[in-house]
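This is what each chain is made of:
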Amino acid sequence: MSDPAKTRRHAERVRELVASLVREIKDPRLGMVTITDARITGDLREATVYYTVLGDPTEQAATKAALESAKGMLRSRVGHALGLRHSPSLAFVLDNVQDQAKEIDHLLAEARLRDEEVQRLAAGKQYAGDPDPYKSEDDEDDEETQRVGAREDLG
């Protein structure tokens, strides 16, 4: 088991290496790919590489196939560059950052519309009850004065 700092360094190095090696792949199925992240297990035997692809689902599938076919070359080059006894096996996972960003934008726009509707409904309305329903320090001083005055009357 290696320490977490070493694992993070190796994961970052794997990400950098795969990102640079992807440019050397001559497969025509490979689209506009960006390596976004890499994670490696504590024993440095398995690495998961996250990527995004610009394009529709067919281009994403073609890029995944191209990466899978180049996996052996990438694994040997990454293992050699890292200087490890065993080259880490690579797994490629599509990172849906663009889809998640679109969903977040949609949710924010919907929340903005709902806030505007609430503001429109609240315009010109008043709260039920007193404008200031909480006791203030002046009220407490008045009550204390009344209690002291009542004690003097009794005494």
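Going by the structure above, here's the rest.
Okay, so let's go over this structure. (Residues numbered from 1 in each chain as written. Predicted model: local features only at pLDDT ≥ 70, side-chain atom pairs only at ≥ 80, totals over all residues. Heavy atoms only, no water.)

Some details on the sheet that holds strand β2 (residues 46-54)
Working step 1: Pairing within the open sheet is mixed, and its three strands lie in the order β1-β2-β3. Each of the sheet's edge strands pairs with one partner strand only, and the pair in question is β1 (32-40) and β3 (89-94). Strand after strand, the sheet turns through a mean of 30° between neighbouring axes, direction not considered.
Working step 2: As paired strands, β2 and β3 are joined by six bridges and run parallel to one another. By the bridge assignment for β3, Tyr-50 is matched with Val-93.
Working step 3: Packing of helix α2 (residues 57-69) onto the sheet brings it into contact with β1, β2 and β3, and relative to β2 it is tilted by some 145°. (Pairing = 2+ DSSP bridges. Helix = DSSP H or I, 4+ residues; strand = E, 2+ residues; numbered from the N terminus. Axes fitted to C-alpha atoms, helices over the stretch in contact; angles between N-to-C directions. Contact = heavy atoms within 4.5 Å.)

Re the pairing of β2
Working step 1: Where β1 meets β2, eight bridges bridge the pair, whose relative direction is antiparallel. Residue pairing for β2: Thr-34 is matched across the bridge by Thr-52.
Working step 2: With antiparallel pairing between neighbouring strands as the criterion, β1 and β2 make up a hairpin whose turn holds five residues, including Leu-44 at a positive phi of roughly 60°.

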